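# Overview (structure and organization)
One letter stands for each residue in the lines below.
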Amino acid sequence: MSDAGDQKTKEQASIDDKFFPPDAIVERAYVQGLSGYKDLYERSLSDPDSFWSEQAETLTWHKKWSSPICKYNLNIENGPVNISWFDGAETNISWNAVDRNVEAGLGDRVAFYWEGNDEGVERTVTYAQLKSMVCRIANYLKSVGVKRGDDVTLYMSLVPELPAAMATCARIGAIHSVVFGGFSAEALADRILDSTPNVVITVSGTMRGPKPIPLKAIVDEALQISEGKGHTVHHVLMLEQLPLSDVGGSMKAGRDVTWREAVDSQPDDCPVEWMPAEAPLFKLYTSGSTGKPKGVLHTAGGYMVGAMVTTKFVFDVQPVSDVYWCTADCGWITGHTYVTYGPLLLGATQVIFEGVPTWPDAGRCWSIVDKYKVTIFYTAPTAIRALHARGDAFVTRYSRASLRLLGSVGEPINPEAWRWYYEVVGGGRCPIMDTWWQTETGSHMITPLPGATPLKPGCATLPFFGVEPAVLDEKGNELQGPCEGILVIKRPWPSMMRTVAGDHKRFEQTYFSAFKGYYFTGDGCRRDSDGYYWITGRVDDVLNVSGHRIGTAEVESALVSHPVCVEAAVVAVEHAIKGQSIYAFVTLMTGSEPSDALRKELIATVRKVIGPFAAPDVIHWAPGLPKTRSGKIMRRVLRKIAACEEDQLGDTSTLADPSVVQQLVELRGK
Ligand code: PRX
């Protein structure tokens, strides 16, 4: 392997667009060289029992598993889909992530450097402090009756108490459901109604950049909505940040308690519940192509092993010397696996940041990198593009000398953004781990390994251990060699979701009905002559806006909840920073006139029903929508109109009323 920073590598890179790992990265890596990767990968497929046992044994189990290590059926034609890993075993992920480090004498090691929204606001939490925080929250939860198998909803900003509260639920066998603090009261209420918790944990309110976010007030409204629909939450625990008198929200006597009165006084010792490997660990709601968001359910043992193994190999985390920073919020799967669980399972020291990368200016990330000497930095392409747009000076005014590894997640990273990230942020010496995975997969699936995989800008490269991808054509035939098609996975991996909470049929329908015997990812991909996988984006009606996954059906149903909107059709258009932005075609009731005020009202409706991040950028008035004779909306046609490419409409012979197209073109921009 040659040094990516030297001249030879650069020339080589311009010839075949490959970036080789620098020697310094290879020397310390857990997996060295492509052949090292290939050997282990082959073994992970040919002898999964021995491969996964070896990995799992690096963690603590109260009871060992029986053989085989994985039992499954992925083919609905052979009966219900089921997946189980580490059957018969018992463990506790919270014990492994927290207590285990303290027992190993690492109580004084920093678990979290917390950086608040505003500069100068910071806290440090050691593993010993984390353990006592977790135990005190656990004792509070137990005091209000939470027990194994109960649901708890978390609606918080990114403070250390959030990962601590997640680990607390896991400690006592409760199931956490974290709802991202950007969701609206109605969206939070929907999630509460689905998982029916008796306790909600929240924060009074916080600043995101220059904007106050009234989290408690949103919880108050959500609980009122859910009560109106038949579910009452009896306990709300609130961490005080901004005073309620400033940010809004109130305390309801008998239901709401502050952290200070309810948690701080609890004993800081609490036994763990040893849980079966297949006990539910958490639900995380995510968008699909149809209907309401689904609760993706992950279980204790397999998820724990997947989170630990990928964090270790993909980021080559060396707990003694690394300072790791993943910028994700715990409200998304990246925050679950690569903030809360993966790094703690390895006893790593990490930075967590409550603010946004552009506050108070676009240099904030690099100032934090220098402040804490961050060595591993993991973020989303949308953030990289937003920072790139602000210019290099915000980056180069900081040293960033501590960085050795970069990561990307959430959407395809365009080669231009990749190169800027590599050359400017990483100074040409830090390999980029472009990690493809999903809420459903629980952990990385297709990703480079730092000391093993030559990189190609914009490419997620090769499958992780135990992951067997395939590319299918539309009829479900497996394609061989270089090809382009639909990405599926042929066998289960430990951190695979087990079901949709409360709706196993929907799980089978969504992921296993299109192609029998395979897990359907919803993504398209291209495989090149090196066997590298290039993710090309969703093949279903799911949008990816700034790395946030949003279903077209959800936005459409929010729009039609407005009294004058009869019908709506939503498509994605390319966006330079957000990757995709939301473009909505809206048909109004007869007698309603389009106006700017109405446009604003419709956007406000989406913000209210889902959250600000799902707001359409464009509302296109549509007296009619292009439909087939059977009434199906032809989104392909709408996508072309939105992108000003109506000269490339393709076959429109199935349109019921072809004149609609011209009408829509004329109304564009009106
Ligand atoms: O389309 C893929 C895209 O994000 C989807 C999963 O979204 P979500 O469940 O919210 O999880 C995001 C964080 C893992 C995928 O189906 N995606 C995620 N990572 C990548 C990606 N697309 C291309 N390259 C990636 N590295």
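For every chain, the first residue of the written sequence is number 1, and numbering continues from 1 along that sequence. Since the coordinates come from a predicted model, pLDDT governs what is reported: local features require at least 70, and pairs of side-chain atoms require 80 or more to be given and counted, while whole-chain, interface and lining totals use all residues. With hydrogens and water excluded, all non-hydrogen atoms of the structure serve as input to the side-chain values.

### Focus: the UniProt feature "domain: Acetyl-coenzyme A synthetase N-terminal" (unreviewed entry) in the chain
Applied cut-off: UniProt positions are given in the numbering used here, feature names are shortened, and annotations may be inferred rather than shown by experiment. Only DSSP runs of H or I covering at least 4 residues are called helices, and only runs of E covering at least 2 are called strands; the numbering of each starts at the N terminus.
Using the residue numbers shown here, the UniProt feature "domain: Acetyl-coenzyme A synthetase N-terminal" (unreviewed entry) corresponds to residues 37-97. Counted over residues 37-97, helix gives 39% and strand 16%. Its end C-alpha atoms are 27 Å apart.

### Description of the environment of glycine 116
Put simply, the test is: Think of it in three bands: with a 1.4 Å probe and only protein chains considered, a residue is buried below 20% of the maximum accessible area for its type, exposed above 50%, and partly exposed in between. Residue contacts are defined here by distance: any two heavy atoms, one from each residue, within 4.5 Å place the two residues in contact.
Among the structural elements, glycine 116 can be located in the loop between β4 (110-115) and β5 (122-126). Looking at glycine 116, the relative accessible area reads 0%, which means it is buried. Not counting the four nearest positions on each side in its chain, glycine 116 is found in contact with Val121, Phe353, Glu354 and Arg364.

### Considering the domain arrangement of the chain
Stated formally: Those domain boundaries reflect an automatic or database domain assignment. We define buried area as the total accessible area lost by two parts upon association, computed with a 1.4 Å probe and summed across both. Throughout this description, the term salt bridge denotes a Lys or Arg side-chain nitrogen within 4 Å of a carboxyl oxygen of Asp or Glu. Here a polar contact is taken to be a pair of N or O atoms separated by no more than 3.5 Å, where protein atoms must pair a possible hydrogen donor with a possible acceptor and residues adjacent in sequence count only if both atoms sit in side chains. Each residue receives one of three labels: charged for Asp, Glu, Lys and Arg, nonpolar for Ala, Val, Leu, Ile, Met, Phe, Trp, Tyr, Cys and Pro, and polar for the others, Gly being one of them.
Domains assigned within the chain are domain 1 (17-89 + 431-537), domain 2 (92-108 + 129-299) and domain 3 (546-667). Computed from C-alpha coordinates alone, the two centres of domain 2 and domain 3 are separated by 36 Å. On the domain 3 side, the residues contacting the 13 residues of domain 2 number 12 residues. Across the domain 2 to domain 3 interface the summed buried area is about 970 Å²; carbon plus sulfur atoms make up 45%. For glutamate 186, the salt bridge goes to lysine 608, with nearest N and O atoms at 2.6 Å. For the pair domain 2 and domain 3, the number of links is eight residue pairs in polar contact (both at pLDDT 80 or more). A per-class count over the side of domain 2 that touches domain 3 returns four nonpolar, eight polar and one charged.

### Let's talk about the layout of surface pockets
In this approach, a probe sized like a water molecule rolls over the atoms, and the result shows the empty space that is left. Worth spelling out the cut-off: As defined here, a cavity is a set of points on a 1 Å grid over the protein atoms alone where a 1.4 Å probe fits but cannot get out. A pocket is an open set with protein on both sides within 12 Å along at least five of seven lines, and residues line them when an atom is within 4 Å of a point. Grid points are joined across faces, edges and corners, and a volume is the space filled by probe spheres set on the points.
In this structure, the second largest pocket encloses a volume near 420 Å³. Taken together, 21 residues form the lining of the second largest pocket, with Leu462, Pro463, Asp530, Gly531 and Tyr533 sitting closest to its centre. When contributions to the lining of the second largest pocket are tallied by element, the ones reaching two or more residues are α3 (33-46) and β21 (469-472). Here the element with the most residues in the lining of the second largest pocket is α3; it accounts for five residues. The class makeup of the residues in the lining of the second largest pocket is 11 nonpolar, two polar and eight charged.

### Things to note about the site of the ligand
The test is simple: Any residue with a heavy atom positioned within 4 Å of a molecule or strand is treated as near that molecule or strand. Only the protein chains shown count as covering a residue, and every accessible area follows the Shrake-Rupley method with a 1.4 Å probe.
Neighbouring the ligand are 17 residues; Asp434, Thr435, Thr439, Asp523 and Arg549 lie closest to it. In this structure, glutamate 411 approaches the ligand through a main-chain N or O atom, which is 3.4 Å from a nitrogen atom. Contact distances for the ligand include 2.6 Å between an oxygen atom and a side-chain N or O atom of threonine 439. Out of a free accessible area of 540 Å², the ligand has 95% covered by protein chains. Elements that contribute at least two residues to the shell around the ligand include exactly α13 (333-345), β20 (432-435) and β25 (533-538). Classifying every residue of the shell around the ligand gives six nonpolar, six polar and five charged.

### Section: the confidence of the model for the chain
Heads up, the condition is: Looking at any residue, its pLDDT shows the predictor's confidence there, from 0 to 100.
Residues of the chain with pLDDT of at least 70 account for 98%, and the chain-wide mean is 95. In the predicted structure, residues 1-15 sits below a pLDDT of 50 and forms 29 contacts with residues beyond four places in sequence or in another chain. Quick note on the complex model: pTM equals 0.95, ipTM equals 1.00.

### Observations regarding the sheet that holds strand β11 (residues 235-239)
Note the following rule: The rule for pairing is simple: two strands pair if DSSP sees at least two bridges between them. Between the N-to-C directions of two axes lies an angle of 0 to 180 degrees, each axis being a line fitted to C-alpha atoms and, for a helix, fitted only over the stretch in contact.
Here we have eight strands laid out as an open sheet, ordered β12-β11-β8-β6-β7-β14-β15-β23, and mixed in their pairing. In this open sheet, the two edge strands, each paired with only one partner strand, are β12 (256-258) and β23 (499-500). One ladder, built from two bridges, connects strand β7 (residues 175-178) with strand β14 (residues 280-286); its direction is parallel. Each residue of the ladder has a partner; that of serine 177, found in β14, is lysine 283. The sheet strands contacting helix α7 (residues 161-172) are β6 (151-155), β7, β8 (199-203), β11 and β14, and the helix crosses β6 at an angle near 175°. Contacts between helix α9 (residues 215-228) and the sheet are confined to β6, β8, β11 and β12, with β8 contributing the most and set at about 155° to the helix.

### Considerations on helix α15 (residues 381-389)
Given 3.6 residues per helical turn, the α-helix brings residues three or four places apart onto the same face. Counting buried positions over the nine residues of α15 gives seven, a clear majority of the element. Looking only at α15, the buried set comprises Pro381, Thr382, Ala383, Ile384, Arg385, Ala386 and Leu387. Buried residues along α15 sit in contact with α14 (364-372), β18 (376-379), β19 (405-409), α17 (415-425) and β29 (579-588). Downstream of α15 by one or two residues, glycine 391 has phi in the positive range, about 100°.

### Topic: the packing of aromatic side chains
In plain terms, the rule: The pairing test for Phe, Tyr and Trp rings, Trp by its six-membered ring, is centres within 6.5 Å, and the orientation test on the planes gives stacked under 30 degrees, edge-to-face over 60, and tilted for anything in between. Sitting over a ring, as applied to charges here, requires NZ of Lys or CZ of Arg to be within 6 Å of the ring centre and within 35 degrees of the ring normal.
Taken as a whole, this structure holds 41 aromatic pairs when the rule is applied. Between tyrosine 583 and phenylalanine 585 the ring centres are 5.1 Å apart and the planes differ by 45°, which places this aromatic pair in the tilted class. A relative accessible area of 6% places tyrosine 583 in the buried class. Members of the aromatic cluster, each reached through a chain of ring pairs, are Tyr30, Tyr37, Tyr41, Phe51, Trp52, Trp61, Trp65, Trp85, Phe86, Phe313, Phe464 and Phe465. Directly above the aromatic system of tyrosine 532 lies the positively charged group of lysine 456, at a separation of 4.5 Å from the ring centroid.

### Description of the pattern of salt bridges
In total, this model carries 38 salt bridges according to the counting rule given. Residue lysine 456 is joined to aspartate 530 by a salt bridge in which the shortest nitrogen-to-oxygen separation is 2.7 Å. Here the residue lysine 456 occupies a position in the loop between β20 and β21, and aspartate 530 occupies one in the loop between β24 (519-527) and β25, the gap between them amounting to 74 residues. Each of Lys18, Lys456, Asp528 and Asp530 takes part in one network of salt bridges that share partners.

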